[in-house]
Amino acid sequence: MRGLLLAAPAALLPLAAAAQTIQAPMSTAAADEPMAVPPGYTRVWADEFDRPGLPDPTRWAYDTSRNKEGWWNNELQYYAAARRENVRVAGGHLIIEARHEQLKDRADHGGQDYSSAKIYTRGIADWTYGFVEVRAKLACGKGMWPAIWMLGSDERADWPGLGEIDIMEHVGWDPGRVHGSIHTKAYNHVIKTQKTAQAMVSDACTAFHTYQLDWNADRMLIGVDGRAFLRFDNDHKGNHDTWPFASPQYLILNVAVGGWGGDKGIDANAFPARMEVDYVRVWQKK
């Protein structure tokens, strides 16, 4: 079943519209194979979240670009910047918290009934190829849509041409099912060709798991706890529409409210809902 419709056809949206995308829970790129940091790789970037307070500004920035106009995919949250109620480091974890509240005092408030946070490495760090691992416990409850994902850094390309890698998406009305997806100009949910697969993680809402991406020039693997459930191969035809992934991508962490997560309504009792992240680590070939 698809989530709610986009506010406009995604193929026509500007770069700022690129957001975690709605896709049907069907497998078109399913895999079942081991995955681990490849031999010869070294850690090039990490955040262990060991300094209490706001996220480290040398590693993370805030995306608030659509607060006034409203976010894509019929999402209903206001993304707050540097607001401890929505994003903070405490107890060795990054916490992104969705809350049921209106922040009417904010100049860019768009009338949203919910607040949350979206942080990213855009303009700070990006990578071409590598192994990405995020250890997280997910925000759950009907209406929640936490995600760990990546977008192409090339601002000259609009979505989906810039390429999107969804390492983990979870919708609260379907607890325990995590989704991985790849979106390109040739393969995306708007034209119903996205490459996607799912894995069941029964305690995703109550326990930490490692969500992983292994990305090289030949293929991508997306998995959890050392087991890939999605594989996407480079066809090596030199066609940017099918493989835009020879260029840098940056990392995004967020908890949306509504959209695909709200496809079966929003449970007022689900708030506050937190995604907790123990660490983020990136390795690349030496």
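Note that the structure is a prediction, hence the values are computed from the model and not measured.

> Describe the confidence of the model for the protein, listing the residues and the values that go with them.
Looking at the protein as a whole, the pLDDT averages 92, with 91% of positions reaching at least 70. Segment residues 1–19 is flagged for pLDDT under 50; beyond a separation of four residues in sequence, or across chains, it makes 50 contacts in the model.

> Explain unusual backbone geometry to me, using residue names and the numbers behind them.
Note on backbone geometry: most residues besides glycine have negative phi, and most peptide bonds are trans. The residue after Trp 159, namely Pro 160, is reached through a cis peptide bond having omega 5 degrees. Along the chain, Pro 160 falls in the loop between β10 (144–152) and β11 (164–170). Here Phe 271 and Pro 272 are connected by a cis peptide whose omega angle stands at -10 degrees. Of note in the backbone geometry, Asp 225 takes a positive phi value of approximately 55 degrees without being a glycine. Relative to the elements of secondary structure, Asp 225 occurs in the loop between β15 (219–224) and β16 (227–233). The backbone of His 236 shows a phi angle near 55 degrees, a positive value even though the residue is not glycine. Residue placement: His 236 occurs in the loop between β16 and β17 (249–257). Taking relative accessible area as the criterion, His 236 reaches 51% and is therefore assigned exposed.

> Mind laying out the side chain of Glu 97, listing which residues take part and the relevant values?
Relative to the assigned elements, Glu 97 resides in strand β6 (residues 93–100). Assessed through its relative accessible area of 2%, Glu 97 is described here as buried. Here the side chain of Glu 97 touches Arg 274 through a polar contact of 2.8 Å, side chain to side chain. Ignoring sequence-local partners within four residues, the contact set of Glu 97 consists of Glu 85, Asn 86, Arg 88, Ser 115, Ser 116, Pro 272, Ala 273 and Arg 274.

> Mind laying out the packing of aromatic side chains, listing which residues take part and the relevant values?
Centre-to-centre distance and the angle between the planes together describe a pair of aromatic rings. All chains considered together, the criterion is met by 13 aromatic pairs. Taking 6.0 Å as the distance between ring centres and 90 degrees as the angle between the ring planes, the aromatic pair formed by Trp 145 and Trp 260 counts as edge-to-face. Of this pair, Trp 145 sits in strand β10 while Trp 260 sits in the loop between β17 and β18 (273–285), and the two are 115 residues apart along the sequence. Residue classification places Trp 145 among the buried residues on the basis of a relative accessible area of 0%. On the basis of relative accessibility, which here comes to 0%, the residue Trp 260 falls in the buried class. On the basis of an interplanar angle of 15 degrees and a centroid distance of 5.7 Å, the ring pair of Phe 232 and Trp 243 is categorised as stacked. In this pair, Phe 232 sits in strand β16 while Trp 243 sits in the loop between β16 and β17, placing the two residues 11 residues apart along the sequence. We note that Phe 232, like Trp 243, is buried. Among the aromatic residues, ring-to-ring pairing joins Trp 45, Phe 49, Trp 60 and Trp 127 into one connected group. Above the ring of Trp 72, the side-chain terminus of Arg 66 is found at 3.9 Å from the ring centroid.

So, how was this worked out
Residues numbered from 1 in each chain as written. Predicted model: local features only at pLDDT ≥ 70, side-chain atom pairs only at ≥ 80, totals over all residues. Heavy atoms only, no water. pLDDT = per-residue confidence, 0-100. Contact = heavy atoms within 4.5 Å. Helix = DSSP H or I, 4+ residues; strand = E, 2+ residues; numbered from the N terminus. Buried < 20%, exposed > 50% of the residue type's maximum accessible area, 1.4 Å probe, protein only. Polar contact = N/O pair within 3.5 Å; in protein donor to acceptor, adjacent residues only side chain to side chain. Phe/Tyr/Trp six-rings, centres within 6.5 Å; stacked < 30°, edge-to-face > 60°. Lys NZ or Arg CZ within 6 Å of the ring centre and 35° of its normal.

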